[in-house]
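Secondary and tertiary structure notes
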Amino acid sequence: MSYLFGPVPSRRLGRSLGVDLIPRKSCPYDCLYCEVGPTTHQTLERREYHTQAIIQELQDYLRGPAAELDFITLAGSGEPTLNLGIGRIIRAIKEMTATPVAVLTSGALLYLPEVRLELAAADVILPSLDSAIEETWRAINRPLPEMSLAQIISGLEALRREYQGRIWLEIMILKGLNDTEEELDALRRVIQKLAPDKVQLNTAVRPVVEDVAQPLSLEEMQAIAVFLGEGAEVIASCSRTAKAEAAVSDARFLEMLARRPMTAPDLAQVLGLPLDLVQQRLKRLCESGLVAHSLYQDQGFYRSQLHASVDSVPQI
Ligand code: SF4
């Protein structure tokens with residue numbers, strides 16, 4: 001089992017080694033726009049998920065001919081703070097390397113003092129907040145019924161008070177859902193109170209769980225950034241261009257699949273590409289015999305058929 005993915009080129013984090021802290025897919029939310037897929041285990045219950053194995057794999061990776069990294073990013077096929085070992089993993093990374101640690105989180109568990117304490121050693125925390133209005137928050141993030149938006153916002157406020165590192169707040173803007181004046185006004189008020197170091201605006205540019213999650217244009221996103229105030233920036237490319245796909249070579253696909261079998265959504269996430277484009281490329285690689293497809297527990301996995309250096313793989 002591999003818990004590491006990448007390094008992945010990330011617009012926000014540069015060259016980032018991803019660490020998957022949570023099995024697919026445990027999360028307190030079931031967001032309309034989730035690229036991982038529907039939440040199969042919706043929970044607030046924190047558990048130990050392979051902490052020692054994750055630390056061991058990181059140790060082995062960092063002892064090897066380590067690639068240059070800008071960040072080690074704790075994320076997951078779900079909410080990473082559900083892993084009770086997250087604090088130990090951050091501290092272990094800090095002992096192994098000077099590479100800064102980032103945590104991508106929904107922010108759903110930040111109301112717990114122990115979670116904030118465990119994240120204290122991270123260099124950057126990137127929590128999400130998609131709406132400051134309860135009804136819209138429920139419609140977009142589809143939280144567990146016992147959760148409340150007031151609790152989420154008070155968790156973010158407590159993080160801001162206690163945490164010494166940087167906070168980059170991510171907001172997913174969806175057409176007709178949280179792009180109205182009332183919504184943006186409410187968000188702006190919360191942002192002013194939270195004073196995050198950055199506000200990063202995203203929109204649903206990749207295939208998502210529900211079609212109702214529709215993207216905004218770049219111009220609309222930029223106008224919202226201006227409205228939300230200084231420090232707000234658009235991080236979505238706002239276009240599903242073939243350019244991004246072309247920039248990822250066949251060799252890169254084969255390199256990822258030589259490391260471990262992966263599903264098409266996994267690859268799309270790791271490579272930062274739209275799922276449909278990844279599926280088309282995999283179809284072509286399967287037809288040429290370079291990649292094999294098999295079913296495991298009802299999921300389709302792809303594996304590279306090449307064991308030689310992928311540098312020598314010709315472009316097909
Ligand atoms: S919080 Fe993240 S992982 Fe959880 S459902 Fe939303 S987008 Fe998916």
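Position labels on residues start from 1 in each chain and follow its written sequence. Restriction of local features to residues with pLDDT of at least 70 applies here, the model being predicted, together with a cutoff of 80 or more for giving and counting side-chain atom pairs; totals for whole chains, interfaces and linings are based on all residues. The side-chain values count all of the structure's non-hydrogen atoms but skip hydrogen atoms and water molecules.

**Describing the nonpolar core**
Buried residues of nine kinds, namely Ala, Val, Leu, Ile, Met, Phe, Trp, Tyr and Cys, make up a nonpolar core once their side-chain atoms join them within 4.5 Å. The classification of residues rests on relative accessible area computed with a 1.4 Å probe and restricted to protein chains. Under 20% of the type maximum is buried, over 50% is exposed, and intermediate values are partly exposed. In terms of nonpolar packing, the biggest core is built from 71 residues, with L58, L74, L129, I152 and I171 touching the most fellow members. If you tally residues by element for this core, the top one is helix α6 (residues 181-194), at six residues. In this structure, V8, M256, A268 and Y302 belong to the second largest nonpolar core, which totals 19 residues. Every helix listed is a DSSP run of H or I at least four residues long, and every strand listed is a run of E at least two residues long, numbered separately from the N terminus.

**Description of the site of the ligand**
Nearness is defined per residue: one heavy atom within 4 Å of the molecule or strand is enough. Taken together, the neighbourhood of the ligand is formed by K25, C27, Y29, D30, C31, Y33, C34, T39, G78 and S106. Residues that form the shell around the ligand fall into these classes: five nonpolar, three polar and two charged. All amino acids are sorted into three groups, where Ala, Val, Leu, Ile, Met, Phe, Trp, Tyr, Cys and Pro are nonpolar, Asp, Glu, Lys and Arg are charged, and the leftover types, Gly among them, are polar.

**A short note on the sheet that holds strand β2 (residues 14-20)**
Strands are treated as partners if at least two bridges between them are detected by DSSP. Overall, mixed pairing links the eight strands, which are arranged β1-β2-β5-β6-β7-β8-β9-β10 in an open sheet. Here the strands that pair on one side only, and so sit at the sheet edges, are β1 (4-10) and β10 (232-234). Recorded for the sheet is a direction-independent mean angle of 25 degrees between the axes of neighbouring strands. Where strand β8 (residues 166-173) and strand β9 (residues 198-203) come together, six bridges link them in parallel fashion. Bridge pairing in β9 places M172 opposite N202. Helix axes are fitted to C-alpha atoms over the stretch in contact, other axes to C-alpha atoms as well, and angles between N-to-C directions run from 0 to 180 degrees.

**Comments concerning helix α7 (residues 218-228)**
Residues that lie three or four places apart on an α-helix share one face, since the helix turns once every 3.6 residues. Within α7 the residues assigned to the buried category are M221, I224, A225 and L228. Axial view of α7: buried residues confined to an arc of 105 degrees, hence all on one face. In this structure, α7 carries E219 and V226 as exposed residues pointing more than 90 degrees from its buried face. Those residues of α7 hidden inside the fold are in contact with β8, α6, β9 and β10. At the C-terminal side of α7, G229 shows a positive phi close to 105 degrees. Comment: arc refers to directions from the helix axis out to C-beta atoms. Any pair of residues with heavy atoms lying within 4.5 Å of one another is described as a contacting pair.

**Let's talk about the pairing of β8**
In terms of residue burial, β8 counts as a mostly covered element, since seven of its eight residues are buried. By the bridge criterion, two bridges tie strand β7 (residues 124-127) to β8 in an arrangement that is parallel. The residue of β8 that forms the bridge with V124 is R166.

**A word on the environment of Q214**
Along the chain, Q214 turns up in the loop between β9 and α7. Under the relative-accessibility criterion, Q214 is labelled partly exposed at 39%. Spatially, the C-alpha atom of Q214 lies 8.8 Å from that of I173, the residues being 41 residues apart in sequence. Those residues within four positions of Q214 in sequence are excluded, and the remaining contacts are I173, L174, K175 and T203.

**Quick look at the packing of α6 against α7**
The contact between α6 and α7 brings their axes to 10 Å, and the two run at 45 degrees. In terms of orientation, α6 lies oblique with respect to α7. Considering the relative orientation of α6 and α7, their crossing is right-handed. Across the interface between the two elements, L184, D185, L187, R188 and I191 of α6 pack against I224, F227 and L228 of α7. Split into classes, the residues belonging to the contact of α6 with α7 amount to six nonpolar, no polar and two charged. Here roughly perpendicular refers to angles of 65 to 115 degrees, roughly parallel to angles under 35, roughly antiparallel to angles over 145, and oblique to all remaining angles. Helix crossings fall into two classes, left-handed where the near helix is turned counterclockwise from the far one by less than a right angle and right-handed where it is turned clockwise.

**Some remarks on helix α2 (residues 86-96)**
For α2, every residue scored as buried is listed here: I86, G87, I89, I90, A92 and I93. Where α2 is buried, its residues meet α1 (51-63), β5 (71-75), β6 (101-105) and α3 (113-118).

**Some thoughts on the environment of C31**
As for its position among the elements, C31 is in the loop between β3 (26-27) and β4 (41-42). The spatial distance from the C-alpha of C31 to the C-alpha of I140 is 5.7 Å, given a sequence separation of 109 residues.

**Concerning the side chain of T203**
Here T203 shows up in strand β9. Pairs of N or O atoms within 3.5 Å make up the polar contacts considered here, provided that, within protein, one atom can donate a hydrogen while the other can accept it, and that residues adjacent in sequence are counted only when both atoms are side-chain atoms. Here I173 takes part through its backbone oxygen, which lies 2.7 Å from a polar atom of the side chain of T203. A distance of 3.1 Å separates a polar atom in the side chain of T203 from the backbone nitrogen of L216.

**Examining the pattern of salt bridges**
Salt bridges are defined by distance alone: a side-chain nitrogen of Lys or Arg within 4 Å of a carboxyl oxygen of Asp or Glu. The full count for this structure, using the stated rule, is 14 salt bridges. The closest approach of N and O atoms between E170 and R12, which form a salt bridge, is 3.2 Å. In this pair, E170 sits in strand β8 while R12 sits in the loop between β1 and β2, placing the two residues 158 residues apart along the sequence. Across the salt bridge formed by E157 and K193, the nearest N and O atoms sit 3.3 Å from each other. With a gap of 36 residues between them, E157 in helix α5 (residues 149-162) and K193 in helix α6 connect regions that are remote in the sequence. Residue E157 is classed as partly exposed on the basis of its relative accessible area, which comes to 21%. With a relative accessible area of 64%, K193 lands in the exposed category. The network of salt bridges with shared partners includes D185, R188 and R189.

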